Amino acid sequence: MRLDKTKFALILLLFFLFTFPLSAQISAQKKQPEIERKVTLLLSKMTLAEKLGQLQMLDGEANGKFRPEHLEMARKGLLGSTLNVRGAEMSNELQRAALESRLKIPMLFGFDVIHGYRTIFPVPLGEAASWNLAAMEKSAHIAAKEARAAGVHWTFAPMVDIARDPRWGRVIEGAGEDTFLGSKIAFARVRGFQGDDFSANDRVMACAKHFVGYGAAEAGRDYNTTDMSEQRLREVYLPPFKAAVDAGVGSFMTSFNSLNGVPSTADSFLWKTLLEREWNSDALVVTDYTATMELIKHGVAADEADAARLTLNGGVDLEMVSRTVNQNGEQLVKDGKVSLAEINNAVRTVLRTKYKLGLFDKPFADANLEKQVVFNAEHRKFAREVAAESFVLLKNERETLPINKRTKEIAVVGSLANDKKNMNGNWTGDGRPEDPITVIEGLKNKLGNGIKIRYEPGCDTKCEDTSGFAKAVDAAKDSDFTILVIGEDGDMSAEAASRSNIDLPGKQLDLVKAIHATGKPYAVVLMNGRPLTINWVAENSPAILETWFAGTEAGNAIADVLFGDVNPGGKLPITFPRNVGQIPIYYNALPTGRPFLDKEKYTSKYLDVPNTPLYPFGYGLSYTQFNISNLRLDKNQIKPTENVKVSVDVENTGKRDGAEVVQLYIHDVAASLSRPVKELKGFERIVLKSGEKRTVAFILTPKDLSFIGRDLKPTLEDGDFKVYVGNSSDSGLEETFTVSRTAVVKKKLN
Ligand code: GLC
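Because the structure is a prediction, the values reported are computed rather than measured.

Cut-off values and rules
- Residues numbered from 1 in each chain as written.
- Predicted model: local features only at pLDDT ≥ 70, side-chain atom pairs only at ≥ 80, totals over all residues.
- Heavy atoms only, no water.
- Near = heavy atom within 4 Å.
- Polar contact = N/O pair within 3.5 Å; in protein donor to acceptor, adjacent residues only side chain to side chain.
- Areas by Shrake-Rupley, 256 points an atom, 1.4 Å probe, with all protein chains shown as cover.
- Nonpolar A, V, L, I, M, F, W, Y, C, P; charged D, E, K, R; others polar.
- pLDDT = per-residue confidence, 0-100.
- Contact = heavy atoms within 4.5 Å.
- Domains from an automatic or database assignment.
- Buried area = accessible area lost by both parts, 1.4 Å probe.
- Salt bridge = Lys/Arg side-chain N within 4 Å of Asp/Glu carboxyl O.
- Axes fitted to C-alpha atoms, helices over the stretch in contact; angles between N-to-C directions.
- Helix = DSSP H or I, 4+ residues; strand = E, 2+ residues; numbered from the N terminus.
- Left-handed = near helix turned anticlockwise from the far one by under 90°.
- Buried < 20%, exposed > 50% of the residue type's maximum accessible area, 1.4 Å probe, protein only.
- Lys, Arg positive; Asp, Glu negative; His and termini not counted.

1. Looking at the site of the ligand
For the ligand, the set of nearby residues contains 13 residues, the closest of which are Asp 112, Arg 170, Lys 209, His 210 and Asp 288. At 2.8 Å from an oxygen atom of the ligand is found a side-chain nitrogen or oxygen belonging to Arg 170. Bound to the protein, the ligand loses 94% of the 310 Å² it would expose on its own. Residue composition of the shell around the ligand, by class: 7 nonpolar, 1 polar and 5 charged.

Here it is as structure tokens:
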């Protein structure tokens, strides 16, 4: 029987569908056949030395120029990528050298575009406080536009490490303590950087980092050991990375830490079992900076050759900065310690990535586009909006804020108020220290000469020298209102910047007390990259605005909020402890068998501090008031395959328009594992005009209700679930529903 072409194609398709497992089908779909063909052809022409060159990333920048020796390596096809080379002119020169090589394989340029390229947005922890996923996606897209125009193809962002310990300086780079919020933000930011196709001239490849568990460093000390059950790993730390994979993230980065005794960079469980097989991702895996070399210090590699062997056999593709693979790869293959297939696999991934980035077709940056796009007014305007949305109003007694614009004389105290460089925080990309708008400048931009501003530093951020306090106090006494700007500098919350004490630095608290003692009205503007234990300020100061490090437009955004042109609506993405002794303290903790009870001695508590935090996860005030009422569920009993619809009414009962973040939490009352007292499973940021009322609805799915069981599988068991809806993790309306596999049958029987 002659088969016509259509029938033959249909049979072929059915054969493919039934003979390949779904994951292989997705993977096949993800791997574009045309690219695979080109990669195979190119690979077949490469020498081993050229292959090892593709597995090497070097730090390319030296005082604004690339290292001259890299030109030579590029010309010989022995350097596949660099980090920190940027700017159309500089990157094009290095790229031209690479295209003179025998096989003309273009270079890949990576750079830490963490919260903006030249237009700097709030530090990621600050952006997370906006709970505005669309804004975070857009700011990542703007960062990508600027970076790609400047010749950067790959950003080492988003950092998606969950962190519950504010002693760890890198909390600043992530989205805080919560897995659900962190996963949503990871997805949004990857989409912002990459879009649907990161070969476009306004996109870059993103990098989910640092895989995995880096934020759980013991004692909050950077690079320290992490150790946890696989159940906790899968429930708390993995989901944001999986969200990045679901968003199509093109790369992953290893983490410096050892997890349960195995350094990430040598951990085939992470790279082969989890990423490749379980998640079916073909993402390029790059080590963190010299992390391969550090396998020796970790004590798992005897020497550099051993470190290279572990890295390659572990499933890692690209070595950043250290040269163990490049310099030992040939011998390792000769000795049979690393197979040529393993090398080819890694090179294939690098070449595939370069094709997906379009580098073979469009290897060069467009200097004219760079001039139009980088740091343009539209980007700075959006940076100002995002900054204001990232601010969290922690306290506002007697409506101290907003400040009346008719105020005649304002004192501005604190060196951070007149500081440009620190407004960018850290990981400042190509942001220039002279770019940001200071608080003083922001006030002048807003108020012009209509108001007298007297600035006194009081002290610098380290605040060891208090000789400037007297002048600051005089300024406060002589003025109608004082804006007191305190906190950290941009290097105090960063990589390799763990702090055993997270109070205000130096004698800043004494400065606050001196201003407070004048009895004149004042507001505290906080600038910091991590929670701080500001107990006295929280207790005594009339108003506190958390502004993190707000980036290029910091001063303008702070002026917008202080004078009420923008109503703050941010919510904390991380718990603020009362003291370091409470750490780790996070909202979604297990109940224990003896939950704290005020009158009960033998319950889980401290003798010297309450269990409650200074400020809880999800907390933030507004200049207006919102009333959340009428919590209702569409079912009070469901089968494990059904959804529950949760609705509330939200009304702006105040005089100002404003944004509220309505938060949905659950508690699985009795399960085979003890479950957190609350788990965020939904949120919606809504903007309501004064007097406006709206219904907000959430759908709780079986996936939302499931947890990672003792068998490490998603588990949903019969029983009661509590639902909480409110505007912080420590309050809210409550309802209950039941999951039952049997009750429905009973109903049918009687
Ligand atoms: C650093 C960081 C990592 C960064 C990399 C390149 O040590 O750990 O987050 O992307 O090196 O700068």
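2. Some points on the confidence of the model for the protein chain
Averaged over the protein chain, the pLDDT score is 95; the fraction of residues at 70 or greater is 95%. For residues 19-29, every residue scores under 50 in pLDDT, and the model assigns this stretch 7 contacts once sequence neighbours within four places are set aside.

3. Here's the deal with the domain arrangement of the protein chain
On domain assignment, one finds that the protein chain holds domain 1 (49-111), domain 2 (391-582) and domain 3 (626-739). Summarising the inter-unit geometry, the C-alpha centres of domain 2 and domain 3 are found 35 Å apart. Listed by partner, the interface residues are 6 residues for domain 2 and 9 residues for domain 3. Taking both partners together, domain 2 and domain 3 bury about 530 Å²; carbon and sulfur atoms supply 41% of that area. Ranking the residues of domain 2 by area buried against domain 3 places Asn 567, Gly 569 and Lys 571 at the top, with a combined share of 74%. Summed over the shared surface of domain 2 and domain 3, the number is 2 salt bridges. Across the domain 2-domain 3 interface, the total number found is 4 residue pairs in polar contact (both at pLDDT 80 or more). Grouping the amino acids of the side of domain 2 that touches domain 3 by side-chain chemistry returns 1 nonpolar, 3 polar and 2 charged.

4. Let's talk about the packing of helix 20 (residues 469-477) against helix 21 (residues 508-517)
Two elements in contact, helix 20 and helix 21, have axes whose closest approach is 9 Å; the angle formed by their N-to-C orientations is 35°. Every pair of crossing elements has a handedness; the one defined by helix 20 and helix 21 is right-handed. Here Phe 469, Ala 472, Val 473 and Ala 476 of helix 20 come into contact with helix 21, specifically with Asp 510, Leu 511, Ala 514 and Ile 515. Tallied by class, the residues present in the contact of helix 20 with helix 21 amount to 7 nonpolar, no polar and 1 charged.

5. Some remarks on the side chain of Glu 717
Summarising the element assignment, Glu 717 is placed in the loop between strand 26 (714-715) and strand 27 (719-726). No salt bridge is formed by the buried Glu 717; the nearest opposite charge belongs to Arg 675, separated by 7.7 Å. Residue contacts for Glu 717: discarding those within four places in its chain leaves Ala 671, Ser 672, Phe 707, Val 739 and Arg 741.

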